[in-house]
Every structure is written in C-alpha cells, then in structure tokens.
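Okay, here's what each chain looks like letter by letter:
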Amino acid sequence: GSDLASVRTKAVREGDGWRVNGTKLWTTNATHCQFMILFCRTGPLDREHRHAGTSQFIVDLSLPGITIRPVRNLVGEHHFNEVVFEDAVLPEDALLGREGEGWAQVTGELAYERSGPERFLSSFWLLVELVRALQPAADARAEIALGRLGAQLITLRRMSRSVAGLLQAGADPALEAAMVKDLGALVEQEIPEIARDLMAEGPPTLQSRTFAQVLAYTTLHAPSFSLRGGTREILRGIIARGLGLR
Ligand SMILES: Cc1cc2nc3c(=O)[nH]c(=O)nc-3n(C[C@H](O)[C@H](O)[C@H](O)COP(=O)(O)OP(=O)(O)OC[C@H]3O[C@@H](n4cnc5c(N)ncnc54)[C@H](O)[C@@H]3O)c2cc1C
C-alpha cells in the first residue's frame, strides 16, 4: 500500500535461512509465477527511521507454508492474489541485494514501474477502436480530440524514453518517473470519457459494437490506473517534494 514502511510481514533469520510470516495482498499474476519478490521487515521497527530494517527476497512460490488466494477485480477477472506466508522457510540466498537495504532498493525499482509504456498505453486499444468506429467521416470535434490525444501520447512516450535514458545512465529519476505515471494515468482515464462523448450518438454499426465492448472493458479497469504502482495522491506528494514545495 501507500505506506509501505508500515509493512508487517516479517522474515526472521533462522539457521541458514529465513522464516517468513505475514500476508501480501495485490500480487498480480502470482498464480502464473514460480517466483515473486517479497519486501518485508527483517529488523525491529524504529519509529524514528521507519524505512530501516526492511529487505527484499526472491521467493520460490512452491515452498511449503505459502498459499496463494485469488482476489477478483471489478470486471470479475482473476489477476490479483493474496499471498499468505505461514512459517515459510527461505534459503539464505533468497535475500535480494543487501539486508536492511530494502527501502532504497524498492524505491529505485519503482522508477522502472512508474515510467514504462504500460503506464500510459492501457487505454490505447480503445483509442484504436474509437478511430475505427468514427470512420469514415469523423467531424471536426472528433479530429480535435483525437489530435490532442495523439499529441499527449507522443509527449508521454518521449518522457518515458527520457526516464529510461536516465535509468540507463545510473541516475535516480524518482520525480521524473512519478510525473510520467501521473500524467499517463490522466490520459488513460480520459480516453474512455472522450470515447463515450464522441460516440454518444453514433450509429450501431458492427464496428461500433466492438467499440462498445472495448469501451465497457476499459471503463471498468480505468479506476485502477491511478492506484496501481502508487496512487495519484502519493505521486503528487513525490512531485511536490521533488520541486521543493513540501
Ligand atoms: C491493478 C492493480 C495491480 C496491482 N498490482 C500489484 C502488484 O503486483 N504488487 C504489489 O505489490 N501491489 C500491487 N498493487 C497494489 C498497489 O500498489 C496499491 O493498491 C497502491 O499502492 C495503493 O495502496 P492501497 O491499495 O493499500 O491503498 P491505500 O494506501 O490504503 O490508499 C487509500 C487511499 O488513501 C490515499 N492516501 C494514502 N496515503 C496518503 C497520503 N499520505 N496522502 C494522501 N493520500 C493518501 C491514497 O491515495 C488512496 O486514495 C496493485 C494495485 C492495482 C490497483
């Protein structure tokens, strides 16, 4: 969740390994995976330095003591899972990176998660179907809206590539990545609104039926775009701090 430092799942050193207890919610596609990355507490909670004492592990999901429970989303699909650890014992080499460095590692990884193309292209399929459904005679209002969306997506692509360049150069583009995700989610969530508006009085052609299906699917997924990978409020907090505003 947003307050990751409050994580309660714990790994305790035991012999040559680690004993893990706790629950990890929202683990996308865990049922299809052989391994997952776990962020958890490995040291006592110090209220003054809440980010200290956390580590990351690569967990073999076939180990005893690990249960994966499905969580259905708004569309009724099963992508999410809750992963429960009950005295799961991990080998020594399951530790990823360095013990106690979990926070620095996870925040570094978030720049990758927040700046990739999947952070601004989630509604792209709907945009393609909208263009198809509007053909052959899009009016000026549609042309303006589509032109604006195209310009926004091209700008986001350039921003995303710039962040990739910074990551490649070894920089820490946490602020820049947060901007890509925040702006990307705004565009992704705006596309279903614009599509519904432009097609409100459209004729029920075969193309527009496909469009309606993609619109329904995207509309039901859209609320999650500004939650996954860091909520809008959290991202704007990071941007404000990066700009020296808080
Ligand atoms: C589609 C999807 C896929 C996901 N996949 C994964 C995954 O594979 N692995 C994984 O680890 N997680 C995954 N998540 C979880 C995701 O990272 C969390 O949902 C997200 O970080 C928000 O945490 P939360 O759900 O606990 O909400 P909370 O943190 O409880 O937030 C609830 C609300 O309070 C607001 N809020 C919280 N703190 C503050 C604050 N300090 N200031 C202002 N507002 C605040 C939030 O913005 C939000 O609106 C996924 C989520 C979604 C929607």
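All values reported here derive from a predicted model rather than from experimental measurement.

Explain the site of the ligand to me, please; I cannot follow it from the model alone.
Of all residues adjacent to the ligand, which total 13 residues, the nearest are Ser2, Trp26, Thr28, Thr231 and Glu233. Here a nitrogen atom of the ligand and a backbone polar atom of Trp26 are 3.0 Å apart. Side-chain polar atom of Thr28 to a nitrogen atom of the ligand: 2.7 Å apart, as the coordinates give it. Notes on the ligand: free accessible area 980 Å², of which the protein chains cover 53%.

I tried to follow the nonpolar core on my own but got confused; where do I start?
For soluble globular proteins, nonpolar side chains are generally found buried alongside one another. The biggest cluster of nonpolar side chains holds 26 residues, and the ones touching the most others in it are Leu126, Leu127, Leu130, Leu134, Leu198 and Phe211. Top contributing element to this core by residue count: helix H3 (residues 140-168), with eight residues. Those residues in contact with Leu130, other than ones at most four positions away along the chain, are Leu146, Ala195, Leu198, Met199 and Phe211. Formed by 16 residues, the second largest nonpolar core is a distinct cluster that contains Trp18, Phe57, Phe85 and Ala94.

Would you explain the packing of aromatic side chains in this entry?
For any pair of aromatic rings, the description rests on two quantities: the centre-to-centre distance and the angle between the ring planes. By the definition in use, this model includes three aromatic pairs. Between Phe39 and Trp103, the aromatic rings sit 6.3 Å apart at their centres with planes inclined by 65°, giving edge-to-face as the arrangement. Placement of Phe39 in strand E3 (residues 35-41) and of Trp103 in helix H1 (residues 102-115) is noted, with a sequence separation of 64 residues between them. For Trp103, a relative accessible area of 23% gives the class partly exposed.

In this structure, what is going on with the domain arrangement of the chain? I would like to understand it.
The domains assigned to the chain are domain 1 (4-100) and domain 2 (104-242). Between domain 1 and domain 2, the C-alpha centre-to-centre distance is 30 Å. Facing the ten residues of domain 1 at the interface are six residues of domain 2. Each partner contributes to the roughly 680 Å² buried at the junction of domain 1 and domain 2, and carbon and sulfur atoms together form 55% of this total. When the buried area of domain 1 at its contact with domain 2 is split by residue, Gln56, Leu74 and Val75 rank highest and sum to 58% of it. Inspection of the domain 1/domain 2 interface yields zero salt bridges. In terms of residue class, the side of domain 1 that touches domain 2 is made up of five nonpolar, three polar and two charged.

What is the right way to look at H1 in this model?
Three- or four-residue spacings in an α-helix give side chains the same orientation, since the helix completes a turn every 3.6 residues. Between its first and last C-alpha, H1 extends 21 Å over 14 residues, near the 20 Å set by a 1.5 Å rise per residue. Listing the buried residues of H1 in full gives Gly102, Gln105, Val106, Leu110, Ala111, Arg114 and Ser115. As for H1, its buried residues are in contact with E3, strand E4 (54-60), strand E7 (95-96), H3, helix H4 (174-198) and helix H6 (232-242).

Even after reading the chapter, I still don't get helix H2 (residues 124-134), so can you show me in this structure?
Among the residues of H2, Leu126, Leu127, Glu129, Leu130, Ala133 and Leu134 are the ones counted as buried. The buried residues of H2 all sit within an arc of 165° when viewed along its axis, so they share a single face.

Before we go on, may I ask you to explain the pairing of E3 in this structure?
Look at any regular strand and the pattern is simple: side chains alternate between the two faces of the sheet. Among the seven residues in E3, five count as buried, and that is most of the element. Direction of pairing for E3 relative to E4: antiparallel, over a ladder of seven bridges. Considered in E4, the bridge of Met36 is made with Val59.

So what exactly am I meant to see when it comes to the UniProt feature "domain: Acyl-CoA oxidase/dehydrogenase middle" (unreviewed entry) in the chain here?
Mapped onto the present numbering, the UniProt feature "domain: Acyl-CoA oxidase/dehydrogenase middle" (unreviewed entry) falls on residues 1-87. Structurally, residues 1-87 comprises 0% helix and 51% strand, and the distance from its first C-alpha atom to its last is 23 Å.

Got a minute to help me understand unusual backbone geometry in this structure?
Peptide bonds are, in most cases, trans, and in most cases residues other than glycine have a negative phi. One non-glycine residue, Asn29, adopts positive backbone phi at about 60°. Within the fold, Asn29 resides in the loop between strand E2 (17-24) and E3.

Could you clarify how one ought to interpret the packing of H1 against H4 in this entry?
Helix-helix packing is described using two parameters, namely the angle between the two axes and the distance between the axes. In contact at an axis separation of 8 Å, H1 and H4 are set at 30° when each is read in the N-to-C sense. In terms of orientation, H1 lies roughly parallel with respect to H4. Two packed elements cross with a definite hand, and for H1 against H4 that hand is left-handed. Contact with H1, carried on its side by Ala111, Arg114 and Ser115, involves Ala177, Val180 and Lys181 of H4 and no other residues of that element.

Cut-offs applied
Residues numbered from 1 in each chain as written. Predicted model: local features only at pLDDT ≥ 70, side-chain atom pairs only at ≥ 80, totals over all residues. Heavy atoms only, no water. Near = heavy atom within 4 Å. Polar contact = N/O pair within 3.5 Å; in protein donor to acceptor, adjacent residues only side chain to side chain. Areas by Shrake-Rupley, 256 points an atom, 1.4 Å probe, with all protein chains shown as cover. Core = buried A, V, L, I, M, F, W, Y, C linked by side-chain atoms within 4.5 Å. Buried < 20%, exposed > 50% of the residue type's maximum accessible area, 1.4 Å probe, protein only. Helix = DSSP H or I, 4+ residues; strand = E, 2+ residues; numbered from the N terminus. Contact = heavy atoms within 4.5 Å. Phe/Tyr/Trp six-rings, centres within 6.5 Å; stacked < 30°, edge-to-face > 60°. Domains from an automatic or database assignment. Buried area = accessible area lost by both parts, 1.4 Å probe. Salt bridge = Lys/Arg side-chain N within 4 Å of Asp/Glu carboxyl O. Nonpolar A, V, L, I, M, F, W, Y, C, P; charged D, E, K, R; others polar. Expected span 1.5 Å × (residues − 1). Arc of directions from axis to C-beta. Pairing = 2+ DSSP bridges. UniProt positions renumbered as here; feature names shortened; annotations may be inferred. Axes fitted to C-alpha atoms, helices over the stretch in contact; angles between N-to-C directions. Parallel < 35°, antiparallel > 145°, perpendicular 65-115°, else oblique. Left-handed = near helix turned anticlockwise from the far one by under 90°.

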